[in-house]
Amino acid sequence: MNKRENIQETERLAIRKLTHDDFETLIAIMGKPEVMYAWEHGFSEDDVRSWIERQLTRYTKDGIGYFAVELKESGQLIDQAGLMKTTINGNEVVEIGYIFDNTYWHNGYATEAAESLIAYAFDCLELPAVHCSIRPENKASIRVAKRLGMESCGNHTVVYRGKEMPHIIYKLENPK
């Protein structure tokens, strides 16, 4: 197995760029409707291929995107967390996101990965703030955002597959 360079490491997790080699694991995870409930459907093979390509493009263009999150002990890919440039209500921001295999829910991994990426955003990228856009019914992601110290600062609507999906905007300012 190739040793991949980690973007960040925590006590339990290694965070690295996604590669095409992650396809089989990602389809097994992202194909589950319960994991992708914010999108309201499990992803198809084509969806996952497009997802990986979008992240590879983001790495080249922005230096950030969704990253693979692995358990350090086993090397098992348990899903993704990332920083993405996006536009919310006409403002260019960097958003943090996290998608975890439901097999690994309720272990604190999303919070652990997100804390590490926020530290990366503030310390290495020197970003002024990090945002998070969460559907109001996604109580687990809202709990993670609040654990991270993020505060609600507005709303916006995302149109996905022709459907309007309301989101709450959370924000954490760089304390430096």
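Attention here is on the structure that accompanies the text.

Parameters and conventions
Residues numbered from 1 in each chain as written. Predicted model: local features only at pLDDT ≥ 70, side-chain atom pairs only at ≥ 80, totals over all residues. Heavy atoms only, no water. Helix = DSSP H or I, 4+ residues; strand = E, 2+ residues; numbered from the N terminus. Rg over C-alpha atoms; globule rule 2.2 N^0.38 Å. Salt bridge = Lys/Arg side-chain N within 4 Å of Asp/Glu carboxyl O. Buried < 20%, exposed > 50% of the residue type's maximum accessible area, 1.4 Å probe, protein only. Contact = heavy atoms within 4.5 Å. Axes fitted to C-alpha atoms, helices over the stretch in contact; angles between N-to-C directions. Parallel < 35°, antiparallel > 145°, perpendicular 65-115°, else oblique. Left-handed = near helix turned anticlockwise from the far one by under 90°. Nonpolar A, V, L, I, M, F, W, Y, C, P; charged D, E, K, R; others polar. Core = buried A, V, L, I, M, F, W, Y, C linked by side-chain atoms within 4.5 Å.

Looking at the overall build of the protein
(1) Moving on: Of regular secondary structure, the protein possesses four helices and eight strands.
(2) Moving on: Going from N to C terminus, the protein has its helices and strands arranged as β-β-α-α-β-β-β-α-β-α-β-β.
(3) Moving on: Taken over C-alpha atoms, the radius of gyration comes to 15 Å for the protein, in line with the 16 Å a tight globule of 176 residues would show.
(4) Moving on: Taking the principal axes of its C-alpha atoms as reference, the protein extends roughly 45 × 40 × 35 Å.

Examining the pattern of salt bridges
(1) Moving on: Going through the model one piece at a time under the given rule, you end up with 13 salt bridges.
(2) Moving on: A salt bridge links glutamate 40 to arginine 135, with the nearest nitrogen and oxygen atoms 2.9 Å apart. Within this pair, whereas glutamate 40 is found in the loop between helix H1 (23-30) and helix H2 (45-62), its partner arginine 135 is found in the loop between strand E6 (129-134) and helix H4 (139-147), the two being separated by 95 residues in sequence.
(3) Moving on: We classify arginine 135 as buried; its relative accessible area is 7%.
(4) Moving on: The shortest N-O distance in the salt bridge between glutamate 173 and lysine 171 comes to 3.3 Å.

What about the environment of glutamate 151?
(1) Moving on: Within the secondary structure layout, glutamate 151 lies in strand E7 (residues 151-160).
(2) Moving on: Overall, the relative accessible area of 58% leaves glutamate 151 in the exposed class.
(3) Moving on: On a C-alpha basis, the gap between glutamate 151 and leucine 83 in space is 18 Å, while along the polypeptide they are 68 residues apart.
(4) Moving on: The residues contacting glutamate 151, other than those within four sequence positions of it, are Ile169, Tyr170 and Lys171.

A few points about the packing of H1 against H2
(1) Moving on: Look at H1 against H2: their axes get within 10 Å of each other, and the N-to-C directions meet at 120°. Taken as axis vectors, H1 and H2 run oblique relative to one another. Viewed along their axes, H1 and H2 form a crossing whose handedness is right-handed. Contacts between H1 and H2 pair Phe23, Leu26, Ile27 and Met30 from the former with Glu45, Val48, Arg49, Trp51 and Ile52 from the latter.
(2) Moving on: Its residues assigned to classes, the contact of H1 with H2 comprises seven nonpolar, no polar and two charged.

Brief notes about unusual backbone geometry
(1) Moving on: The backbone phi angle of glutamate 40 is positive, close to 70°, even though this residue is not glycine.
(2) Moving on: Positive phi, normally seen in glycine, also occurs at asparagine 89, with a value near 50°.
(3) Moving on: With respect to the helices and strands, the residue asparagine 89 is situated in the loop between strand E4 (77-88) and strand E5 (91-100).

Remarks on the environment of proline 166
(1) Moving on: Positionally, proline 166 belongs in strand E8 (residues 163-173).
(2) Moving on: The class for proline 166 is partly exposed, based on a relative accessible area of 46%.
(3) Moving on: Separated by 143 residues in sequence, proline 166 and phenylalanine 23 place their C-alpha atoms 30 Å apart.

What to know about the nonpolar core
(1) Moving on: In this structure, Leu83, Ile96, Tyr98 and Met150 are the most contacted members of the largest nonpolar core, which totals 54 residues.
(2) Moving on: Looking at which element gives the most residues to this core, the answer is helix H3 (residues 109-124), with nine residues.
(3) Moving on: Leaving out residues up to four positions away in the same chain, leucine 83 has contacts with Ile64, Gly65, Val94, Glu95, Ile96, Leu117, Tyr120, Ala121, Leu125 and Val130.

Read these as geometric descriptors, not functional statements.
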